[in-house]
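Read off the chains here:
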Amino acid sequence: MIAGDHNERESSTMNLARLITEDHIIMDLQSTESSDCIVEMTRALDKTVVNDRTELISSILGREQLAPTGIENGIAIPHTKTDAVRKPALVIGRSRKGVEFHANDGKPSHLIFLLLLPARKKGLLFSLMSGIIKCVRDAEKRERLFDTDDVQTFMEHLGATRLFHISSLLEQERTQQNVPA
Amino acid sequence: MQEISENNGSSCDTVCKSEKLRIRFSDETKLLCLAFLVGVIGGYGAIFFRSMIFGTQYVAMVHLRNLLGFMGPYAIVIIPAIGGLIVGLITTYFASEAKGHGVPEVMGAVLMNEGRIRPSVSIAKILASALCIGTGGSAGREGPIVQIGAAFASTVAQWLKLPPSMIKNLVAAGAAAGISATFNAPLGGVIFGLEVILGEYRALNFGTLVMSSVTAAIIARVHLGDIHDFRLPSFHLVSPVEMIFYAVLGLLAAGIAVAFIKLLYDTEDIFDRFTAIPRWVKPAIGGLGVGGIAIFVPHVMGVGYDVMAEAIMGKYSLYFLFALVGVKLLSTCLTLGSGGSGGIFSPSLFMGAMLGAGMGTLVHAWFPSVTASPGAYAIVGMGAVFAAGSRAPFTSVLILFELTDTYEIILPLMIAVVVATYVAAWLKTDTLYTEKLSRRGINVFILKEKNRLDEVRVSEIMGSNGEIVSHRLQFSQVLKMIGTTTRNCFIAVDDRGNLKGMVSFKDLRDAIFHRDADDYLIVDDIATNHVATLTPCETINDAMRKFRMNDLDILPVVDKEHSRKVVGSISRKDVLSLYEDIELNARGKCIL
């Protein structure tokens, strides 16, 4: 493994780990339309994250109009950069029925990662998207995520707790070596 | 995406051309009407000023002299001092810009203050200069009338809240009107305004200056008659060999002009050093000095046209002629260097006339069969010294031609003027007018060139520096384009060609290590949305300001303000190249 690869994994790992929280996970989305689904997911965000809810929803839906955010294998990553959010946020939703996000493979999406960034943080988009894609790339992992009903187990399968663990280890290592973050 | 670029380019040309036509028509009409008004004010201002000088002269040299009769011939020492004292009070407490010869102040206003001159300057300058010259100060009336005409024009333009380009144009028109009326030289006035005040020859400026200059000349002729200050005895070029003597005269004229520049400002420095003496007293001291010289050589007092006329007619001896050059130089430096108010135009003509007459006397004595009369050399000398001192050869030739009404003088005049100008430029970069500004740290040549950037529009240098792409384009496609495009950034537009944002290489840097997301992101995801824009009609200075504020290498150009329709782009590199050209041009113009 070359140094560049290691740094790449590390930064996307670091960044994604910080965004996954229990409060922002919806285990059973009720909506079946993409726009309704997005509205439902934004309700998980409180005022510490959202400046202007109406503007936020408008921005996400506007992005959906430009190009589909559904990717293969039942995954969708709707996203936007907007100053309607104060800080980067990630809401993860699971839909048993599936939501149409016009994915490349034509299949409905069952795992939806709503990714929101303030405009000034748009540079994080690549690393976060990359982290999510890597996270759900494995088919077995996706099965485990679809099957469980427990949030903690869900997060475990997502690798969130492991991600947190890795993140804190890396942080300790950096502190000992005085390496800047 | 190429379609979007092509369509936007042709619509931009149409918009720009029609806008330009609209702007040009209404601006030109307005300017010409105002130029007429400025010509009227300038013409009557010149007549009034001339009358004030004659009136002051009468009061000073007749009544005041009678009053001081008990002093005998020494009364002549006191009179310029009294005039200097009053001038000092005016320039200290009313308008400091009224001090000095006036043209540098007008040039400074045009270069640095968008042509704005305080209205009080006109009034102060009339009073101060009339007093200074009328009481015998060694100075000319042309510089003051330039400043008066320019100040009136600036006042009118400021009242009407005109844009800076029009104010500057009218200020030059005011200056042209002053010269035209004073010398009865309308063409010389126009060229003076272009060559000295504006520093450029442009069709739009030419029309305005012609209108004001002709108007002022007509008014002056109606009230003063179509008179010329100098009448040359019949002249013709005796032999082509004579051109060598005229070239030598040019050489000598350059020396006199450079000495004048140096001594004038050195005198100013000397007076400035005496900080214990109140500023308003210093012109009186200068006046005392002039008065002291005038006891022995009264020819140095005032404007001196009558003395010049006599020199042209060959009324003075060789030694006296050369002595007058030095004495006039000293007197003028004392008058103006101490803080008096008046111009350097007439003193330059005076010194040139004496130098030329002196040289003409010599060469005519040595080579009578191949040389013209000393009078011809006197005329040529006038033009050569003024051209060398002001670095305005075109103005010099035309004014002298109009003053003498003798076309045959043109050939020797041009030779001497060109030689004098080039030699003077080689000896000293600054002129009689720019030296004052240089001492304030103002590089006139660079400033003039930089001000030209206000005339250069974005539309003249914009191109297609940015690759225009749809904001829906997949990021993986963008990465493929990087390999083939020569452009430095991507301008994202929607389906109607409206600007959505820009993607720079800095934005792409984050993508290099996270390639998994290439197929799932689009241009809109990574573009910077709030981007400064320019319109084709904005200036290059506007572009530079926006580049500084936004830290971007490319700026998109939209068709008009509050529009988002992209018509092209402009690069920071192109703007900086223009600035580099300015520096080079300015250095080149320093030579001339």
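Just so you know, these numbers come straight off a predicted model, no measurement behind them.

1. A look at the overall build of chain A
Phase 1: Helix and strand counts for chain A come out as seven helices and five strands.
Phase 2: The secondary structure elements of chain A, listed N-terminal to C-terminal, are α-β-α-α-β-β-β-β-α-α-α-α.
Phase 3: Counting only contacts in chain A whose residues sit at least 6 apart along the sequence, the fraction spanning at least 24 positions is 69%.

2. Describing the overall build of chain B
Phase 1: For chain B, the count of helices and strands is 24 helices and five strands.
Phase 2: Here chain B holds 592 residues, and the buried ones make up 53% of them.

3. Points about the interface of chain A and chain B
Phase 1: Each partner contributes to the interface: chain A provides 18 residues, whereas chain B provides 15 residues.
Phase 2: Those elements that provide at least two residues to the side of chain A that touches chain B are helix H1 (3-19) and helix H4 (124-135) of chain A.
Phase 3: Residues of the side of chain A that touches chain B, tallied by class, amount to nine nonpolar, five polar and four charged.

4. Quick word on the pairing of strand S3 (residues 499-504) of chain B
Residue and element names in this part refer to chain B.
Phase 1: With five of six residues buried, S3 is to be regarded as a mostly interior element.
Phase 2: Sheet topology note: the strand S2 (residues 489-493)/S3 ladder contains five bridges and is antiparallel. Each bridged residue has a counterpart across the sheet, and for Val493 the counterpart in S3 is Leu499.

5. As for the sheet that holds S2 of chain B
All names here are of chain B.
Phase 1: Sheet architecture is open: three strands sit in the order S1-S2-S3, paired in mixed fashion. In the strand order of this sheet, the two ends are held by strand S1 (466-470) and S3, each with one partner. Taking the axes of each pair of neighbouring strands and ignoring which way they run, one obtains an average angle of 25° across the sheet.

6. Details of the nonpolar core
Phase 1: With 145 residues, the main nonpolar core has Val171, Ala253, Ala257, Val385, Ala416 and Ala420 of chain B as its most contacted residues.
Phase 2: Ranked by the residues each element gives to this core, the list is headed by helix H9 (residues 242-273) of chain B, at 12 residues.
Phase 3: Here this core spans two domains, since at least three of its residues come from each of domain 1 (30-229) and domain 2 (242-443) of chain B.
Phase 4: With residues near it in sequence (within four places) discarded, Ala416 of chain B still touches Tyr246, Ala247, Leu249, Gly250, Ala253, Val380, Gly383 and Ala384 of chain B.
Phase 5: Ranked by size, the runner-up nonpolar core spans 76 residues in total, among them Ile71, Ile92 and Leu124 of chain A together with Val458 of chain B.

7. Remarks on the packing of helix H11 (residues 305-312) of chain B against helix H13 (residues 345-366) of chain B
Residue and element names in this part refer to chain B.
Phase 1: The geometry of H11 relative to H13 is characterised by a closest axis approach of 9 Å and an angle of 15° between their N-to-C directions. When the interaxial angle is binned, H11 and H13 end up roughly parallel. Between H11 and H13 lies a crossing of left-handed hand. Counting all contacts with H11, which are made through Val307, Met308, Ala311 and Ile312, the residues of H13 involved are Leu349, Phe350, Ala353, Met354 and Ala357.

8. Examining the confidence of the model for chain A
All names here are of chain A.
Phase 1: The predicted model of chain A averages 82 in pLDDT, with 79% of residues at 70 or higher.
Phase 2: Looking across chain A, the model is least confident in helix H7 (residues 160-177), with a mean pLDDT of 51, and most confident in helix H2 (residues 34-42), with 95.
Phase 3: Note on residues 1-10: pLDDT is under 50 here. Beyond four places in sequence and across chains, it has five contacts.

9. Points about the environment of Val146 of chain B
Residues and elements named next belong to chain B.
Phase 1: Locating Val146 in the fold gives a position in helix H5 (residues 142-159).
Phase 2: The buried category is assigned to Val146, around which 35 C-beta atoms lie within 10 Å.
Phase 3: Separated by 40 residues in the primary sequence, Val146 and Val106 have C-alpha atoms spaced 8.1 Å apart.
Phase 4: Those residues in contact with Val146, other than ones at most four positions away along the chain, are Gly102, Val103, Val106, Ala175, Gly178 and Ile179.

What counts, and at which threshold
- Counting from 1, residues in each chain are numbered in the order their sequence is written.
- All chains are assigned letters beginning at A, and all ligands numbers beginning at 1, according to the order in which they are written.
- For a predicted model such as this one, the threshold for reporting local features is a pLDDT of at least 70, and the threshold for listing and counting side-chain atom pairs is 80 or more; totals across whole chains, interfaces and linings nevertheless cover every residue.
- Segments assigned H or I by DSSP are reported as helices when at least four residues long, segments assigned E as strands when at least two residues long, and all are numbered from the N terminus.
- By the convention adopted here, residues are in contact when the distance between their C-beta atoms, placed from the backbone, does not exceed 7 Å.
- Residues are called buried when their C-beta atom has 20 or more other C-beta atoms within 10 Å, exposed when it has 12 or fewer, and partly exposed otherwise; all C-beta atoms are positioned from the backbone.
- Under the scheme applied here, ten amino acids are nonpolar (Ala, Val, Leu, Ile, Met, Phe, Trp, Tyr, Cys and Pro), four are charged (Asp, Glu, Lys and Arg), and all others, including Gly, are polar.
- Strands pair, by our definition, only if DSSP identifies at least two bridges between them.
- In this analysis, axes come from line fits to C-alpha atoms, helices being fitted only over the stretch in contact, and the angle between any two N-to-C directions falls in the range 0 to 180 degrees.
- Definition of nonpolar core: a set of buried Ala, Val, Leu, Ile, Met, Phe, Trp, Tyr and Cys residues joined via C-beta atoms within 7 Å.
- Note that the domain bounds reflect an automated or database-derived domain assignment.
- An angle below 35 degrees is treated as roughly parallel, one above 145 as roughly antiparallel, one from 65 to 115 as roughly perpendicular, and anything else as oblique.
- Take the far helix as your reference; a near helix turned counterclockwise from it by less than a right angle gives a left-handed crossing, and one turned clockwise gives a right-handed crossing.
- Values of pLDDT, ranging from 0 to 100, describe the predictor's confidence in every residue of the model.

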